[in-house]
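# An overview of the molecular structure
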Number of protein chains: 2
Amino acid sequence: MKPKNKNYNIVLHGGAGALAPHLYTPQEIKEYKETLEEAMKVGTSLLEKGGSSLQAVIESVVVLENSPLFNAGRGSVFSSDETIEMDASVSCGERVQTGGVTNVTRLKNPVLGAYHVFENSNHALLSGMAADFFCKKAGLEHQNESYFKTEKRLAQLYQAKEKNIVQLDHSDKMGTVGAVAIDGKGNLASATSTGGMTNRYPGRVSDTSIQGAGTYAENGLIAISGTGTGDVFIQNVFAYDMAAMMKYADIPMPEAAQRVLEKLRDKNGSGGLVAIDKFGYAIFPFNTRGMFRAWLDEDGVIQTGIFE
Amino acid sequence: MKPKNKNYNIVLHGGAGALAPHLYTPQEIKEYKETLEEAMKVGTSLLEKGGSSLQAVIESVVVLENSPLFNAGRGSVFSSDETIEMDASVSCGERVQTGGVTNVTRLKNPVLGAYHVFENSNHALLSGMAADFFCKKAGLEHQNESYFKTEKRLAQLYQAKEKNIVQLDHSDKMGTVGAVAIDGKGNLASATSTGGMTNRYPGRVSDTSIQGAGTYAENGLIAISGTGTGDVFIQNVFAYDMAAMMKYADIPMPEAAQRVLEKLRDKNGSGGLVAIDKFGYAIFPFNTRGMFRAWLDEDGVIQTGIFE
């Protein structure tokens with residue numbers, strides 16, 4: 001999908017999972033779609049004004065992180081010991097460089113922390129309290145525990161504990177959020193953010209924070225942001241595997257996406273991705289029952305979707 | 001390089017850097033070589049008895065972690081706040097699956113922690129105190145601070161602080177340790193462990209713990225363990241990039257290694273790697289002045305090297 005009369009494109013996701021229409025009230029569906037649309041508006045407006053793709057994906061993800069609806073930032077799910085641990089990354093296709101944070105607990109917008117690591121550290125990925133502190137020193141906004149502790153997420157944790165499962169898919173909502181974009185200069189970028197999996201072991205590092213796993217961008221090739229069974233994304237080097245198929249074997253983007261999703265399924269994983277290639281074409285495939293997503297249609301109008 | 005009359009092979013490294021003969025006394029060189037040889041003996045003896053490649057690389061790395069000579073386990077360098085933070089991973093080519101720990105502080109052998117995550121968790125990578133605790137619960141040996149605090153490493157930290165640099169290369173020693181092997185069943189495996197970089201920002205996650213960055217193994221293809229400028233290894237998805245060149249573009253292993261080392265240099269990175277392909281051929285290229293390394297020659301005799 002590509003808008004006809006634009007020199008940019010952007011597509012975003014709010015997580016993939018066992019989503020089905022009967023699990024939502026019309027009001028809930030409306031709220032999800034409105035938030036996705038708001039995130040898209042922020043990104044497209046920046047791109048329309050000549051802003052960079054990196055700026056656009058970051059600001060779109062900030063909107064999703066600020067919403068309690070999605071599993072990232074404010075709406076993050078709980079680990080098994082009732083802590084909030086968030087991961088995020090940015091990936092810049094121009095420099096082929098990433099910045100990420102993992103297991104931050106107080107940062108209001110982990111994606112801004114990831115950008116701070118990208119721009120102002122010599123490192124690719126910082127973890128834990130040290131990462132929180134690195135961001136706090138730079139003046140990035142922190143929030144106390146109550147900001148993140150939504151009743152609904154606590155209830156989900158207790159349900160998961162009862163069933164003794166690490167719950168990736170909630171019947172009502174789940175996931176990671178992410179965005180990929182290309183700007184007028186042909187620069188590709190991606191940004192991804194997650195609150196992880198309900199009842200996961202504390203200290204888990206997710207694919208969301210790892211270049212090549214849940215995220216990747218390289219100019220002249222592709223920008224990718226994934227969502228799903230993150231541990232398998234790491235095992236399979238999911239995002240870079242897709243990029244490498246295109247780069248080294250000339251496999252077309254949609255086929256490369258199908259192949260990495262099949263490899264994911266072979267290991268009992270599931271999920272989806274959003275991607276944009278060097279020509280500005282966007283795809284958003286998934287092998288789950290649904291994926292929160294938003295894109296621009298051929299006329300440049302924002303479209304949103306949740307179910308298959 | 002491949003031993004003629006063996007159905008297995010193993011090669012290991014103890015870090016790459018600005019190593020030069022005049023920086024070492026003959027006694028020091030002897031100690032390095034003896035430790036590398038000891039690690040090789042442990043690995044080859046296991047393989048000779050029909051042990052798995054995964055077992056062999058882990059036990060070889062344990063020997064290097066237990067030595068104060070190498071920057072892993074006991075000999076780990078200090079981060080800027082004088083803490084020890086260690087990373088390790090194992091990568092199993094049969095399952096194409098990894099386990100890793102990052103920023104553990106008390107675990108005597110981080111590589112055993114990585115194996116524990118691989119075998120007994122649903123996750124790919126655990127970080128920080130939670131990772132230490134996960135390993136402690138399983139009975140893995142922990143050590144107190146004094147075990148890791150070698151005077152020489154503290155002196156290196158103070159030197160680095162004076163110069164205000166994140167010091168990867170020490171004039172006398174540095175690095176990561178790692179091993180790759182293939183066993184009689186054709187299973188490929190790698191294990192890697194590091195104490196990071198002197199004066200690095202605390203909480204940094206290194207390439208050593210990340211599948212596709214500093215480590216990768218896939219049966220029928222390759223096992224890789226890298227050492228060097230870890231943040232660039234992450235940016236470039238170093239290990240999987242090399243594997244993908246071979247898999248998707250049929251680039252021969254030695255050329256793929258040269259290409260990823262050139263891409264590393266293009267970003268002002270340096271380092272080296274050890275790798276074994278599906279036929280059992282081993283390589284150990286580096287673009288630094290030296291790399292601690294050990295391999296089996298054509299007659300199956302253990303050889304060690306440090307300088308170019």
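This is a predicted model, so every value here is computed, not measured.

### Some words on the sheet that holds strand 10 (residues 282-283) of chain A
All names here are of chain A. Across the sheet, which stays open at both edges, the four strands sit in the order 7-8-9-10 with antiparallel pairing between neighbours. Since the sheet does not close on itself, it has two edges, and those belong to strand 7 (215-218) and strand 10, each with one partner. Along the sheet, helix 9 (residues 253-266) makes contact with strand 8 (222-228), strand 9 (271-277) and strand 10, crossing strand 9 at roughly 160°.

### Looking at the packing of aromatic side chains
Residue and element names in this part refer to chain A. Under the definition given, this model contains 25 aromatic pairs over all chains. Here Y24 and F292 contribute two aromatic rings whose centre-to-centre distance is 6.4 Å and whose plane-to-plane angle is 90°, an arrangement assigned as edge-to-face. A residue pair is termed long-range when its members are at least 10 positions apart, and Y24 in the loop between strand 1 (9-17) and helix 1 (26-48) and F292 in strand 11 (residues 290-296) qualify at 268 residues. This pair shows no difference in class: Y24 is buried, exactly as F292 is. When the ring centre of Y281 is taken as reference, the NZ or CZ atom of K2 above it lies at 5.3 Å.

### Concerning the packing of helix 2 (residues 53-66) of chain A against helix 3 (residues 110-120) of chain A
Helix-helix packing is characterised by the crossing angle of the two axes and by the distance between the axes. All names here are of chain A. For the pair helix 2 and helix 3, interaxial distance at closest approach is 8 Å and the crossing angle is 150°. Classed by the angle they form, the pair helix 2 and helix 3 counts as roughly antiparallel. Taken together, the residues of helix 3 that come into contact with helix 2 (itself represented by L54, I58, V61, V62 and E65) are P110, V111, L112, Y115 and F118. Looking at the contact of helix 2 with helix 3, its residues break down into nine nonpolar, no polar and one charged.

### Observations regarding the relation of the copies chain B and chain A
Of the transformation placing chain B onto chain A, the axial shift is 0.0 Å and the rotation is 180°, giving an RMSD of 0.0 Å. Within this description, the copies of the chain are treated as partners about a two-fold rotation axis.

### What to know about helix 2 of chain A
Residues and elements named next belong to chain A. Helix length check: helix 2 (14 residues) gives 20 Å between terminal C-alpha atoms against 20 Å at 1.5 Å per residue, within 8%. Counting buried positions over the 14 residues of helix 2 gives eleven, a clear majority of the element. All buried positions along helix 2 are accounted for by S53, L54, A56, V57, I58, S60, V61, V62, V63, L64 and E65. Here the buried face of helix 2 lies against strand 1, helix 1, strand 2 (86-92), helix 3, strand 5 (176-182) and strand 6 (188-194).

### Regarding the pairing of strand 3 (residues 97-104) of chain B
Residues and elements named next belong to chain B. For strand 3, a buried count of eight out of eight residues is recorded, marking the element as mostly surrounded by other parts of the structure. Strand direction decides the pairing type here: strand 2 (residues 86-92) and strand 3, joined by six bridges, are antiparallel. Its bridge partner lying in strand 3, S89 is registered against G100. In this structure, the hairpin formed by strand 2 and strand 3 is closed by a connection of four residues, where V96 is found at a positive phi of approximately 45°. Here strand 3 pairs with strand 4 (residues 125-127) via three bridges, running parallel. Residue V101 lies in a different strand from strand 4, and its bridge partner there is L126. You can see the chain leave strand 3, run along helix 3 (residues 110-120) and come back into strand 4, and the turn it takes is left-handed.

### Observations regarding the confidence of the model for chain A
Mean pLDDT over chain A: 92, with 97% of residues reaching 70 or higher. Predicted confidence is poor over residues 168-173 of chain A, with pLDDT under 50, and the contacts of this stretch with residues over four places away or in other chains come to 25 contacts.

### Some thoughts on the environment of A:K33
All names here are of chain A. Among the secondary structure elements, K33 is positioned in helix 1. On the basis of relative accessible area, K33 is assigned to the partly exposed category, the value being 31%. It is 24 Å that separates the C-alpha atoms of K33 and A155, two residues lying 122 residues apart in sequence. Among all residues touching K33, those that are not within four sequence positions of it are T304 and I306.

What counts, and at which threshold
- Residues numbered from 1 in each chain as written.
- Chains lettered and ligands numbered in written order.
- Predicted model: local features only at pLDDT ≥ 70, side-chain atom pairs only at ≥ 80, totals over all residues.
- Heavy atoms only, no water.
- Pairing = 2+ DSSP bridges.
- Helix = DSSP H or I, 4+ residues; strand = E, 2+ residues; numbered from the N terminus.
- Contact = heavy atoms within 4.5 Å.
- Axes fitted to C-alpha atoms, helices over the stretch in contact; angles between N-to-C directions.
- Phe/Tyr/Trp six-rings, centres within 6.5 Å; stacked < 30°, edge-to-face > 60°.
- Buried < 20%, exposed > 50% of the residue type's maximum accessible area, 1.4 Å probe, protein only.
- Lys NZ or Arg CZ within 6 Å of the ring centre and 35° of its normal.
- Parallel < 35°, antiparallel > 145°, perpendicular 65-115°, else oblique.
- Nonpolar A, V, L, I, M, F, W, Y, C, P; charged D, E, K, R; others polar.
- Least-squares fit on C-alpha atoms with pLDDT ≥ 70 in both.
- Expected span 1.5 Å × (residues − 1).
- Right-handed = clockwise from strand over helix to strand, strands pointing away.
- pLDDT = per-residue confidence, 0-100.

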